[in-house]
Amino acid sequence: MKETAVAKTAWPRTRAWRQSAPRTAKLNVSNLLVYAAGFVVIFIVLCALMPGQIAPYSPTEMVMTDIMLPPSLTHFFGTDYYGRDVFSVVVYGSRDSLLIGLASVIIGGLLGASIGALSGFLGGIFDTIIMGFIEVLMTIPGILFALAIAAAMGPSLFNVVLAVALSAVPGYARVFRGQIISVKGRPFITAARSVGAGNLRIFFRHVLPNAWSPLLVMATIGLGTSILIGSGLSFLGLGVIKEIPDWGTLLSQGRGYLTVAWWMSTFPGLAITMLVLSVNLMGDKLRDHIDPKKSRF
Amino acid sequence: MLKTISIRLFTSLLVILGSLVLVFVIVYLLPGDPVLSMVDPSTVTPEVLASLRAQLGVDRPLYEQFGSYVSKALQGDFGKSIVNDEPVLPKIITHLPATLALTAASCFIAAVVGIWLGVLSAIHRDRWIDITARVVGLFGISMPTFWSGILLILIFSITLDWFPAMGSEGWKTLVLPAVGLGIVGAGFVVRLVRNSMLEVINEPFIVTLRAKGVAEKLVMYRHALRNALIPALTMIGVLSGELLAGTVVIETVFSRQGIGRVISDALMAKDLPVVQGVVFFSAIMYVIINLIVDLSYRIIDPRVRRSQ
């Protein structure tokens, strides 16, 4: 018989013990990972804020004698077909990639949360119509939705942000509506109503403060998704056309040189993965912290 | 039984109609002239612009445009490609099999790897296998498919020369894109199955089974897994839509001739009727897959069957 890790110990198998003990056991590894993730995020944010201090070369400096050099100590990520230092271009490119992710989560989150809150709090026919609409929006997968919007509006930084933000709205609206409805039904809301509090007061003073935390978790995880969708749009050529490309564009440019210079597309992709991975790790931790029962999914 | 199915069918039809409206709205209600976003006005004469407008019907009032779009779409006419005048629907249908094969293969990989790793991870909680599974899960949801696809090409095509890097003929071309897309799905499924298994393992009926002396393997695979599968199934339904959409990127990476490629080419050429057609088509597939998932609950979970 195969025993589980829990069953091997002499401790009583109570539910409380099972949930607490492994948690302390894994605390070190998972905390370490979260710290590492924190460092990665801070480093990337610093890259975006002051690329000049971190990048060893100018991202636009083309050295014709140093074309497509493999990674070395002088060029960590090698050089590209213009003789630019790939590491420096990646450092500068962090700005747009991060901006697209952050801006679209903020816009999409606020818009989605407002729709969900209004729908959940008012209820009735309004709720039914709004949720029907959200249901329809959910049938179009995020990236396709963003693609269609970006294609219809043309490539620009703002349009990419808007496209990614709008594609995230239905998810936020759905989650926040559910949360608002569950808080709305709790006894303290009835109590507030019975002492004569008005709708607005109940909503802002009682419902909202008790409902926003899952939204925070969702926004953290959503940041990863938004960065992925944003860089996907750039990869497909719908992103911003600039002298200093963002990571998705950079990766797509390097694709044609895969057989001769693998580093050109590998490192921008690694940058995207590390950022999204770190954000997801932090989101997981935040979820555990806010709602231990519903840990990772 | 028949009643539930017909109600679900009816709501699915409503949702499909809704998505048709949405696809129309996305393209025509956004600010800007769709014709101007398709061609550069400085390179063509005003007559060409006018004829394009007439061809798209955007010179007519909005309600009329919408009416004709919906009625044509319901008859299977999604208009013609602006680039080569090809009708949209046959174009989608020719390219559909390659994409369906890819979606099905990646869904299969996601389900098998995801459920298998998820169960092992929950059973061996906090051991190396659990840690591996969680790392796989995290990487799966964090890697952009265009990057994992490129890594797969680098390793298995360029270095080892096991599989071709591009094309859509034969099963060999399917392997790398399906793995690339499947990893993403597996990432989501692993995390979900692990979590729901851990929840189920804490249920009193598992304690009862163990107390009765049922073998641990039986407890896990027959009883716990069956209960943990329901959220996983919902997830796979949702995922299939996402994977279908993910083919846009992965088919570009692997130069496969599927509808993902059709839409990304159409996007480059600003060929809006094709974009609309593909988006609408994928919405239909998503609705159908989720309908199937919904109905299959009754096979997996007898409680659903009895409650109706």
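Each value, and the rule that gives it
Residues numbered from 1 in each chain as written. Chains lettered and ligands numbered in written order. Predicted model: local features only at pLDDT ≥ 70, side-chain atom pairs only at ≥ 80, totals over all residues. Heavy atoms only, no water. Helix = DSSP H or I, 4+ residues; strand = E, 2+ residues; numbered from the N terminus. Buried < 20%, exposed > 50% of the residue type's maximum accessible area, 1.4 Å probe, protein only. Contact = heavy atoms within 4.5 Å. Salt bridge = Lys/Arg side-chain N within 4 Å of Asp/Glu carboxyl O. Buried area = accessible area lost by both parts, 1.4 Å probe. Polar contact = N/O pair within 3.5 Å; in protein donor to acceptor, adjacent residues only side chain to side chain. Nonpolar A, V, L, I, M, F, W, Y, C, P; charged D, E, K, R; others polar. Core = buried A, V, L, I, M, F, W, Y, C linked by side-chain atoms within 4.5 Å. Expected span 1.5 Å × (residues − 1). Bend = angle between axes of the 7 residues up to and from the residue. 1 Å grid on protein atoms, 1.4 Å probe; cavity = no way out; pocket = protein on both sides within 12 Å on 5 of 7 lines; lining within 4 Å. Points joined across faces, edges and corners; volume = space filled by probe spheres on them. Phe/Tyr/Trp six-rings, centres within 6.5 Å; stacked < 30°, edge-to-face > 60°. Patch = residues over 30% accessible without salt bridge, like charges linked within 9 Å, V, L, I, M, F, W, Y side chains within 5 Å. Areas by Shrake-Rupley, 256 points an atom, 1.4 Å probe, with all protein chains shown as cover. pLDDT = per-residue confidence, 0-100.

### Quick look at the side chain of Ser88 of chain A
Residues and elements named next belong to chain A. Mapped onto the elements of the fold, Ser88 is located in helix H3 (residues 86-122). By relative accessible area, Ser88 is classed as buried at 0%. Once residues within four sequence positions are removed from consideration, Ser88 is found in contact with Ala55, Pro56, Tyr57 and Pro59.

### Examining the pattern of salt bridges
Residues and elements named next belong to chain B. A complete count under the given rule lists 8 salt bridges over all chains for this structure. Between Arg261 and Asp265 there is a salt bridge whose closest N-O contact spans 3.7 Å. Of the two residues, Arg261 and Asp265 both sit in helix H11 (residues 259-268), 4 residues apart, roughly one turn of that helix. Asp265 gets classed as partly exposed once you look at its relative accessible area, which sits at 39%. Overlapping salt bridges, with partners in common, bring together Asp130, Arg134 and Arg194 in one network.

### Side note on the interface of chain A and chain B
With 61 residues of chain A at the interface, the matching set in chain B holds 59 residues. Between chain A and chain B, a total of about 5,400 Å² is buried, with carbon and sulfur atoms accounting for 69% of that surface. Viewed at the interface, chain B and chain A are joined by 4 residue pairs in polar contact (both at pLDDT 80 or more). Elements with a minimum of two residues in the side of chain A that touches chain B: helix H1 (15-49), helix H4 (124-138), helix H5 (142-153), helix H9 (213-235) and helix H11 (263-290) of chain A. Looking at the side of chain A that touches chain B, the element that brings in the most residues is H11 of chain A, giving 11 residues. Partitioned by chemical class, the residues of the side of chain A that touches chain B number 32 nonpolar, 15 polar and 14 charged.

### Re the environment of Phe108 of chain B
Residues and elements named next belong to chain B. Here Phe108 shows up in helix H5 (residues 88-123). With relative accessibility at 58%, the residue Phe108 sits in the exposed group. Between the C-alpha atoms of Phe108 and Gly182, which are 74 residues apart in sequence, the distance is 7.6 Å.

### Description of the nonpolar core
Generally speaking, nonpolar side chains in soluble globular proteins are found buried as a group. With 146 residues, the main nonpolar core has Leu147 and Leu233 of chain A together with Met197 of chain B as its most contacted residues. In terms of residue count, helix H10 (residues 216-253) of chain B provides more of this core than any other element does, 16 residues in total. Discounting residues that sit within four places of it in the chain, Leu233 of chain A has contacts with Ala146, Leu147, Ala150, Val160, Ala163, Val164, Leu238 and Gly239 of chain A.

### Some thoughts on H9 of chain A
Residue and element names in this part refer to chain A. Taking 1.5 Å of rise per residue, the 23 residues of H9 would be expected to cover 33 Å, and the 33 Å separating its terminal C-alpha atoms lies within 8% of that figure. A maximum bend of about 25 degrees is found in H9 at Gly222. With respect to burial, H9 is a largely interior element, 17 of its 23 residues being buried.

### Overview of H10 of chain B
Residue and element names in this part refer to chain B. An ideal rise of 1.5 Å per residue puts 56 Å on 38 residues; H10 reaches only 45 Å between its terminal C-alpha atoms. Along H10, the largest kink reaches about 45 degrees and is centred on Leu225. Once H10 finishes, Ser255 follows within two positions and takes phi at roughly 45 degrees, a positive value.

### Focus: empty space enclosed by the protein
A water-sized probe rolled over the atoms picks out the places where empty space is left. Residues and elements named next belong to chain A. This model, assessed by the stated rule, comprises 4 cavities of 30 Å³ or more. Approximately 70 Å³ is the volume attributed to the second largest cavity. Taken together, Asp80, Tyr81, Arg84, Val86, Val89, Leu250, Gln253, Gly254 and Met264 form the lining of the second largest cavity. Of all the elements in the fold, those that place two or more residues in the lining of the second largest cavity are H3 and helix H10 (247-254). Broken down by class, the residue content of the lining of the second largest cavity amounts to 5 nonpolar, 2 polar and 2 charged.

### A look at unusual backbone geometry
With a phi close to 60 degrees, Asp161 of chain B is a non-glycine residue in the positive phi region. Residue Asp161 of chain B is classed as exposed on the basis of its relative accessible area of 61%.

### A short note on the environment of Val21 of chain B
All names here are of chain B. Structurally, Val21 is set in helix H1 (residues 2-28). With a relative accessible area of 35%, Val21 lands in the partly exposed category. Taking the C-alpha atoms as reference, Val21 lies 9.3 Å from Tyr69; in sequence the two are 48 residues apart.

### Describing the packing of aromatic side chains
All names here are of chain A. For the structure on display, the rule yields 8 aromatic pairs over all chains. Seen in terms of ring centroids, Phe77 and Phe267 are 4.2 Å apart; in terms of plane orientation they differ by 5 degrees. Their pairing is stacked. Here Phe77 is found in the loop between helix H2 (51-54) and H3, whereas its partner Phe267 is found in helix H11, with 190 residues between them in sequence. The same class applies to Phe77 and to Phe267, which are both buried. Taken together through their ring pairs, the aromatic side chains of Phe77, Phe87, Trp262, Trp263 and Phe267 make up a single cluster.

### What about a nonpolar patch on the surface?
All names here are of chain A. A grouping of Ile42, Val45, Leu46, Leu49 and Met50 is seen on the molecular surface, where their side chains present a nonpolar patch of about 430 Å² in accessible area. With respect to the helices and strands, Met50 occurs in the loop between H1 and H2. Judged by its relative accessible area of 35%, Met50 falls in the partly exposed class.

### Let's talk about the side chain of Thr145 of chain B
Within the fold, Thr145 of chain B resides in helix H7 (residues 145-159). Excluding its chain neighbours within four sequence positions, the residues that come into contact with Thr145 of chain B are Gly180, Leu181, Val184, Val249 and Ile250 of chain B.

### Description of the confidence of the model for chain B
Residue and element names in this part refer to chain B. Across chain B, pLDDT averages 82, with 93% of residues at or above 70. Ranking the elements of chain B by mean pLDDT puts helix H2 (residues 34-38) last with 64 and H5 first with 90. For this predicted complex, the interface confidence score (ipTM) comes to 0.81, while the overall pTM stands at 0.82.

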